[in-house]
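What the coordinates show
Residues per chain are reported as follows:
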Amino acid sequence: PYRLNSNDSEPGWNYEVPTVDQYEDYLEFARSINDRYPSTETQLGIELNKLCSGIKKDRHRLPGGGSLHSRRFPPLDECRAEFESLVKTGIDWEES
C-alpha cells in the first residue's frame, strides 16, 4: 500500500493513509470475521468520523495526472482519548 506520511515519534502510526488502502484493509478484516454485508467506502468514512472528529480528508495530485484521496488522522493519543470518551470507559492501550 502507498503510505503518505508517517510520524517518526509514533512508530507504526501512519497519520495519513490513502482511502483506497484503508478500504482494502477494512474489507480484508470484514472477510476475516465473515461479515456478509461490509460497509461501503463512504459508510466507512462516515463511521470513522464518528469515532474521531479530527480526521481530515485530503487529495494529492499524482505525477502524470490523476489524484489520490487520503485521510489524515490526529496523533494516536488524541484518537484513543476521543474513542475512550465515546465509549465512556478507560482503556489500557499497553501494546504487547
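See the structure printed just above.
Calculation notes
Residues numbered from 1 in each chain as written. Predicted model: local features only at pLDDT ≥ 70, side-chain atom pairs only at ≥ 80, totals over all residues. Heavy atoms only, no water. Pairing = 2+ DSSP bridges. Helix = DSSP H or I, 4+ residues; strand = E, 2+ residues; numbered from the N terminus. Axes fitted to C-alpha atoms, helices over the stretch in contact; angles between N-to-C directions. Contact = heavy atoms within 4.5 Å. Expected span 1.5 Å × (residues − 1). Buried < 20%, exposed > 50% of the residue type's maximum accessible area, 1.4 Å probe, protein only. Arc of directions from axis to C-beta.

So, the sheet that holds strand E3 (residues 67-72)
Strand order in the open sheet formed by three strands is E1-E3-E2, with antiparallel pairing between adjacent strands. Looking at which strands have only one partner, the edges of the open sheet turn out to be strand E1 (16-18) and strand E2 (56-61). Strand-to-strand, the axes of this sheet are offset by a mean angle of 35°, without reference to chain direction. In terms of strand pairing, E1 meets E3 through three bridges, oriented antiparallel. Within E3, the position partnered with Pro18 by the bridge is Ser70. Contacts from helix H1 (residues 19-32) reach E1, E2 and E3, with the element oriented near 80° to E1.

Side note on helix H3 (residues 76-87)
Compared with an ideal rise of 1.5 Å per residue, which puts 12 residues at 16 Å, H3 spans 17 Å between its outermost C-alpha atoms and is within 8% of the ideal. Of the residues flanking the end of H3, it is Lys88, one or two places downstream, whose phi is positive at about 55°.

Looking at the environment of Pro74
Along the polypeptide, Pro74 turns up in the loop between E3 and H3. Given a relative accessible area of 11%, Pro74 falls into the buried group. Sequence separation of Pro74 and Cys52 is 22 residues, and the distance between their C-alpha atoms is 8.4 Å.

With respect to helix H2 (residues 41-51)
Every buried residue of H2 is listed here: Leu44, Gly45 and Leu48. In a view along the axis of H2, the buried residues occupy a sector of 100°, so they form one face of it. Among the exposed residues of H2, those oriented more than 90 degrees off its buried face are Thr42 and Lys50. In this fold, the buried residues of H2 make contact with H1 and E3.

A look at the environment of Arg59
In this structure, Arg59 sits in strand E2. Residue Arg59 is classed as partly exposed on the basis of its relative accessible area of 46%. Between the C-alpha atom of Arg59 and that of Thr19, which follows or precedes it by 40 residues, the distance is 9.9 Å. Filtering out sequence-adjacent residues up to four positions away, Arg59 remains in contact with Ser67, Leu68 and His69.

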